[in-house]
Every structure is written in structure tokens, then in C-alpha cells.
Amino acid sequence: MNINYRPIDRWPGEQTRDRKASPFQASFPATLDLLDRELDYLGAKDVVFQVALREEDFKRDGDPRANARASHPGVILAFNSKYGPLKYATDTFSDYQANIRAIALGLEALRKVDRYGITKRGEQYTGWKALPSGSEVGAAMTVDEAALHLATWGSANLNTPIDPEELIGSAMLVAGAYRMAAKRMHPDAGGSTDEFQRLQEAKRV
């Protein structure tokens, strides 16, 4: 997959104040393989990764220079897909590679919603057409978005998130995922107030 790297022109929403250390164990090449697979599934074209670098931090071929240092670890992934233009942004983690993996795992979890025919036309992607920052509380969540959020952060192992469709209609599984996610995201445990509010909204939905 050909990815173009560009500077971030404008961060969507407020930046995360209390970023977390990476919880992932996978190597960065494995992350890029996962991302490439998910983008291929979506028929992605015109893929652009925005990172917090200056224009002069990029080589002529568009790749970041080896000695370039980003001003913050946030990343924005934008591309055209068979479901229309999609955009994902997160700066939850203090390592930009972990933020890239978070997006890749999120794409994988969204794809799993199709596994049992819960959606027919990629409805789970519609809420991400103009995605705010991963920590920003924005418009009301759909059921699919809420299930994805709980599945991603409420899994015992963040490298292997539970299937979002397993949560839909199961109060017991939702409660378990919420408890696990709350341990990670509560402000007293190092999370931010915005993140915890978004978790509350996902549980409510």
C-alpha cells in the first residue's frame, strides 16, 4: 500500500493531556502489515498519514527524514474507501507507533462487525467520516461505535480485542468490558476526564 506522509495541518479537537505508555507488544513492522491488510480490505486509495512534523522534515520522496522529531505523537489517517472518505485520528499514547497500531486495531475491529452480517452496507464506518480526536467527546455514538469503543478498551489483552458484535445485546458482556476499560481510563488511574466521559457514553449507548 502506497502511503503519503504529510504534516498535520490542524488537529481535530483538543490534544490529549495525559497520554499513556504503549500497551502493545507487537513490532512496528507487524503493525504496518496489519494496517496494510485492513486498508486493502477497504479498497483504500489516496492514503495519507499526517504526523506532527514540519514540511522541511520530509524528503523529496515524501517519507519523513530519519532524524525528524515530531512535536507530538498524534497521527491522522485519511483515505478514500469503498464506503467513502474516512478519517481516523488519535494521540492517546505517548508513542506515535502505538497510535498507529491503535488505528490499525480499530479498523480490524470495525471489519469484524461484518462477520455475522450485522451490517449490510458498512454502516459501522459512517460515524468516522469526520472523526474527532480519539479522546474528544463529540456527537452521540451509534450502537456500533459504542460497541467498538468498549471492545477495544475493555479487552483483557489490547492486542487481541474482543469482537464488538459480541457486546451488542449482552448487558453482562458490556458490564465486564466497561469494568476493564474503566480500570484503564479512569482519571485516578492515569486516564483523562474526556476519555472517561467517552467511555460513559459508550456504556450508556
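Scroll up to find the structure.
Computed from a predicted structure; not experimentally measured.

Definitions and cut-offs
Residues numbered from 1 in each chain as written. Predicted model: local features only at pLDDT ≥ 70, side-chain atom pairs only at ≥ 80, totals over all residues. Heavy atoms only, no water. Buried < 20%, exposed > 50% of the residue type's maximum accessible area, 1.4 Å probe, protein only. Helix = DSSP H or I, 4+ residues; strand = E, 2+ residues; numbered from the N terminus. Contact = heavy atoms within 4.5 Å. Core = buried A, V, L, I, M, F, W, Y, C linked by side-chain atoms within 4.5 Å. Pairing = 2+ DSSP bridges. Axes fitted to C-alpha atoms, helices over the stretch in contact; angles between N-to-C directions. Polar contact = N/O pair within 3.5 Å; in protein donor to acceptor, adjacent residues only side chain to side chain. Salt bridge = Lys/Arg side-chain N within 4 Å of Asp/Glu carboxyl O. Right-handed = clockwise from strand over helix to strand, strands pointing away. Parallel < 35°, antiparallel > 145°, perpendicular 65-115°, else oblique. Left-handed = near helix turned anticlockwise from the far one by under 90°. Nonpolar A, V, L, I, M, F, W, Y, C, P; charged D, E, K, R; others polar.

Participant: Is there a simple way to think about helix H3 (residues 143–153) in this case?
Facilitator: The buried fraction of H3 amounts to 10 of the 11 residues, a majority that puts the element mostly inside the structure. Every buried residue of H3 is accounted for by Asp144, Glu145, Ala146, Ala147, Leu148, His149, Leu150, Ala151, Thr152 and Trp153. Residues of H3 that are buried in the fold lie against helix H2 (96–112), helix H4 (171–185) and helix H5 (193–204).

Participant: Looking at this structure, I do not really get the nonpolar core. What am I missing?
Facilitator: A general tendency of soluble globular proteins is for nonpolar side chains to be buried together. Ranked by size, the top nonpolar core spans 44 residues in total, and within it Leu35, Leu39, Leu77, Phe79, Leu107, Leu150 and Leu199 carry the most contacts. Every element with two or more residues in this core is listed here: helix H1 (28–41), strand S2 (45–51), strand S3 (75–81), strand S4 (84–90), H2, H3, H4 and H5. Of all the elements, H2 adds the most residues to this core, at nine residues. What leucine 77 contacts, discounting residues up to four positions off in sequence, is Leu35, Leu39, Val47, Val48, Phe49, Leu86, Lys87, Tyr88, Ile103 and Leu107.

Participant: Which parts of the structure should I look at to understand the sheet that holds S2?
Facilitator: Within a beta sheet, neighbouring strands are joined by backbone hydrogen bonds and run either parallel or antiparallel to one another. Taking strand neighbours across the sheet as the criterion, the four strands line up as S1-S2-S3-S4 in an open arrangement whose pairing is mixed. Only two strands of the sheet have a single neighbouring strand rather than two, namely strand S1 (3–7) and S4. Strand-to-strand, the axes of this sheet are offset by a mean angle of 20°, without reference to chain direction. Relative to S2, S1 is paired through five bridges, and the arrangement is parallel. Residue pairing for S2: arginine 6 is matched across the bridge by glutamine 50. Taken strand by strand, H2 contacts S2, S3 and S4, and its axis lies near 35° from that of S3.

Participant: Would you explain the side chain of threonine 152 in this entry?
Facilitator: Assignment of secondary structure puts threonine 152 in helix H3. For threonine 152, a relative accessible area of 18% puts it in the buried group. Within the structure, threonine 152 has its side chain in polar contact with the backbone oxygen of leucine 148 (distance 2.8 Å). Residues contacting threonine 152, with those up to four places away along its chain left out, are Leu158 and Pro161.

Participant: Help me understand the environment of valine 47 in this model?
Facilitator: Along the chain, valine 47 falls in strand S2. Sequence-wise, valine 47 and leucine 86 are 39 residues apart; in three dimensions their C-alpha atoms are separated by 9.9 Å.

Participant: Is there a simple way to explain the pattern of salt bridges in this structure?
Facilitator: Between side chains of opposite charge, pairing is possible as soon as their charged atoms come close. Tallying each qualifying case throughout the model produces nine salt bridges. With a closest N to O distance of 3.4 Å, glutamate 14 and arginine 17 form a salt bridge. Here arginine 17 falls in the exposed class, since its relative accessible area comes to 56%. Residues joined in a network through salt bridges with shared partners are Arg37, Glu38, Glu108 and Arg111.

Participant: When you look at the pairing of S2 in this model, what are you seeing that I'm missing?
Facilitator: Along any regular strand, the residues point their side chains to alternate faces of the sheet. In the classification by handedness, the crossover that spans S1, the intervening H1 and the parallel S2 is left-handed. As judged from the five bridges shared by S2 and S3, these two strands associate in the antiparallel manner. Counted as the bridge partner of valine 48 is alanine 78 from S3.

Participant: Could you clarify how one ought to interpret the packing of H3 against H4 in this entry?
Facilitator: The description of two packed helices rests on the angle between their axes and on the distance between the axes. Between H3 and H4, the shortest axis-to-axis distance is 8 Å and the interhelical angle comes to 60°. It follows that H3 is oblique to H4 by the angle criterion. Of the two elements, H3 crosses H4, and the hand of that crossing is left-handed. Packed against H3, whose contacting residues are His149, Leu150 and Trp153, the element H4 presents Val174, Ala177, Tyr178, Met180, Ala181, Arg184 and Met185 at the interface. Looking at the contact of H3 with H4 residue by residue, the classes come out as eight nonpolar, one polar and one charged.

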